[in-house]
Structure formats: C-alpha cells, structure tokens
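Chains, contacts and geometry: an overview
So you can see what is in the structure, the chains are spelled out below.
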Amino acid sequence: MPETVLILGASGRFGRAAATAFEQAGWHVVRFRRGRDTLAQASQGASVIVSGWNPAYPDWDQQVPALHAEVIAAAEASGATVILPGNVYVFGGDTPGPWSQNTPHAARNPLGRIRVELEAAYRACSAQVITLRAGDFLDTEASGNWFDAMLTAKLGKGKFIYPGRADIPHAWAYLPDLARAAVGLANLRAELPRYLDVPFAGYTLSGEELLAALNAHLSTPARLGQTSWLPLRLAAPFWPMGRCLLEMRYLWDRPHRLDGRLLQQLLPDFEPTPLQQALPRCLPSAVLKQGVSRPDGNAPGQLA
C-alpha cells in the first residue's frame, strides 16, 4: 500500500511540482482543499506533509506565523514528517558563501526575519522537519516568478531583462529536480535526524551565463537589458508588493551559491537535469528555434 503525502499549496509552484513528483514515485497524494478541509483531519494518515503554503509578500507578517503554526501542530499530532521548502532569504546580504546547512541565519530585513523566525519555529518543534533550501525557481509553467515574469518576459522581442549585476553568480533551482529531491529525502526520512537543513545547489549561473544558455535554444537570440527599478521606487509608497520587491533587490547584486554537498551525500544516485535539457521546458514553444521543442509539449505561456 503506498504511503500518503499531504500537499499544502498544491496549486503553487513547489506544491504543484511536489505533487507531480510524489505521484510519479508511487505515493498516494492528497491535495489540501482550502475552505473544505481542516488540516487536523487532512493530516491524519499522512506520512509526509509538504508545507507549501506561501502567501504574497505583503501578507507574510500577518499570515506566515499562523499558517505554519497550524502545520507544526498537525505534524506533531499526526506524527508526519514535514518537508519545508526553504529559500536564501535567511542569510541576509552580508553573509559570505557558499551558503550551507551550517551558515548562520543573519538576515535583518523584514522578510528575511520572518523566514528566520519561521524556520526557528520548525527547528524547535517535536515533529520531524526537512528544510529543502533552494534559490530562484525555473518553472515549467508560467507562474509569475522572476524567470518568467521578468527575465524572459520579452524574449519574443529579443530582450533578456536582468534585475541586477549580470556578471555575478546567482542560485537557480529547476522545480522538477527540486521536487524529486524532496521525494528522495522523504523516502530516506527514517534514517534522518529530527531536523535537517538540506541546501539544493541547482544551477549557479551569472545573468550572462544564463542568457548564453538560453540563446542556444532561441529562434531569435536575445540581448541583455537591465531592469529599471525607478517605477518600483516611485510606486513603493503606495504599493506594498513594490516595497517588498525592493527589499529583496539585494539578491540580484549579491553573488551567492548554495553548497550541495549534503544532498549529494544523502542522495548519491540523484541526477539533476542538465541545464540545456531543462531550459526548453521553461520556455514557450513560440520562442524556440526550429528543431528545439519542449519535451513535455506544453508551453508555459506566451511571451510578449
């Protein structure tokens, strides 16, 4: 009989990818239904809870602590292992890298502190928790992330718009690979400690390197352009999301990478998807050169 995983936020980026990966691995996947399910009931019988709830930035201070307190309570009551998708916000802008499971959580900005306190709550609880930490997502669907909403939104016009220094390394995670790693760690959970922080190295690429990799697939090669942050600065006093985006701008001007050695030790047979195979799956067919197709045949959306 297959084990059961409860996916919170199954319509979100990580939750959607995790649901697919667990199903492909033979797990029984239960997608939490807001407004219909209660977490206490839905978590009964689940071996693993994927904690994929992620409100919009402006709502983090009001919603994140309460949402994840519910997850912790459900996991402690049911005995389920929690898989928490982590990010790099906890490290702050002045922490030297590469960032690993041993790197101090030194963020001082508001969004970073919320994540620091969230992870501290999971670390202090009695449930088993696996934090799987990654950089920005490369998604196979247009989901409003930095890659599809900003960097590649104008590829159809021959423009690759980068929001920071294009000559420094930046951490990226291909979502299907990240989700497969989550399944691998879930299968291994009986051998793991009660709390474990696992960085997922993914791809470490400068903007220039990412553009060169993209151009190998594009029908019309794109040119590097820079994001203008002025509209955000002007809108920030009236637009909470704008203030949050400006707050996190430092990650585009701070070179960083994640240390993936722990994941390699835990899952030595894990094989990441080569970048040149992953990138076409993250782009709409309309911008790909003749002879290059999306392996799954599904375009993530049209680009301007």
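Coordinates for the structure precede this section.
Description of the structure in this document. All figures in this text were calculated on a predicted structure; none of them were measured in a lab.

Here we come to the sheet that holds strand 2 (residues 28–31). Pairing within the open sheet is parallel, and its six strands lie in the order 2-1-3-4-5-9. Looking at strand neighbours, the two that pair on one side only are strand 2 and strand 9 (195–199), the edges of this open sheet. Taken pair by pair, the neighbouring strands of this sheet meet at an average axis angle of 20°, ignoring direction. Pairing between strand 1 (residues 4–8) and strand 3 (residues 48–51): four bridges, direction parallel. Bridge pairing in strand 3 places L8 opposite S51.

In this section: the packing of helix 1 (residues 13–24) against helix 6 (residues 175–187). Contact pair helix 1 / helix 6: the axes reach a minimum separation of 8 Å and the direction vectors enclose 60°. With respect to their mutual orientation, helix 1 and helix 6 come out oblique. Crossing geometry of helix 1 relative to helix 6 is assigned as right-handed. Along the contact surface, helix 1 presents R13, F14, A17, A18, A21 and F22, while helix 6 presents L175, L178, A179, R180, A182, V183 and A186. Broken down by class, the residue content of the contact of helix 1 with helix 6 amounts to 11 nonpolar, no polar and two charged.

Here we take up the pairing of strand 1. With five of five residues buried, strand 1 is to be regarded as a mostly interior element. Both faces of strand 1 are covered, namely the face carrying T4, L6 and L8 and the face carrying V5 and I7. Summarising the sheet, strand 1 and strand 2 pair through four bridges and their orientation is parallel. Each residue of the ladder has a partner; that of V5, found in strand 2, is V29. Handedness of the β-α-β unit built from strand 1, helix 1 and strand 2 comes out right-handed.

A separate point is helix 4 (residues 110–124). The periodicity of an α-helix, 3.6 residues per turn, causes residues three or four places apart in sequence to face the same way. The terminal C-alpha atoms of helix 4 lie 21 Å apart, and with 15 residues this matches the ideal 21 Å at 1.5 Å per residue to within 8%. Those residues of helix 4 that sit buried are L111, G112, I114, R115, V116, L118, E119 and Y122.

A few words on the sheet that holds strand 8 (residues 170–174). The strands making up a sheet associate through backbone hydrogen bonding, with each pair oriented either parallel or antiparallel. The strand order across the open sheet formed by three strands is 6-8-10, and the pairing between neighbours is mixed. Of all the strands in the sheet, just strand 6 (136–138) and strand 10 (203–205) have a single pairing partner and so form its edges. Across the sheet, the axes of successive neighbouring strands diverge by a mean angle of 40°, strand direction being ignored. With three bridges connecting them, strand 6 and strand 8 associate as parallel partners. If you follow L138 over to strand 8, its bridge partner there is Y174. Along the sheet, helix 6 makes contact with strand 6, strand 8 and strand 10, crossing strand 8 at roughly 70°.

A complete count under the given rule lists 12 salt bridges for this structure. Where R165 meets D167, a salt bridge forms, and the shortest distance between an N and an O atom there is 3.1 Å. Its relative accessible area of 40% is what places R165 among the partly exposed residues. Take D167: its relative accessible area is 46%, and that puts it in the partly exposed class. Between R180 and D177 there is a salt bridge whose closest N-O contact spans 2.9 Å. Highlighted residues: R180 and D177, both in helix 6, separated by three residues, approximately one helical turn. Residue R180 is classed as partly exposed on the basis of its relative accessible area, which comes to 34%. A relative accessible area of 2% places D177 in the buried class.

Thresholds, definitions, all that
- Residues numbered from 1 in each chain as written.
- Predicted model: local features only at pLDDT ≥ 70, side-chain atom pairs only at ≥ 80, totals over all residues.
- Heavy atoms only, no water.
- Pairing = 2+ DSSP bridges.
- Helix = DSSP H or I, 4+ residues; strand = E, 2+ residues; numbered from the N terminus.
- Axes fitted to C-alpha atoms, helices over the stretch in contact; angles between N-to-C directions.
- Parallel < 35°, antiparallel > 145°, perpendicular 65-115°, else oblique.
- Left-handed = near helix turned anticlockwise from the far one by under 90°.
- Contact = heavy atoms within 4.5 Å.
- Nonpolar A, V, L, I, M, F, W, Y, C, P; charged D, E, K, R; others polar.
- Buried < 20%, exposed > 50% of the residue type's maximum accessible area, 1.4 Å probe, protein only.
- Right-handed = clockwise from strand over helix to strand, strands pointing away.
- Expected span 1.5 Å × (residues − 1).
- Salt bridge = Lys/Arg side-chain N within 4 Å of Asp/Glu carboxyl O.

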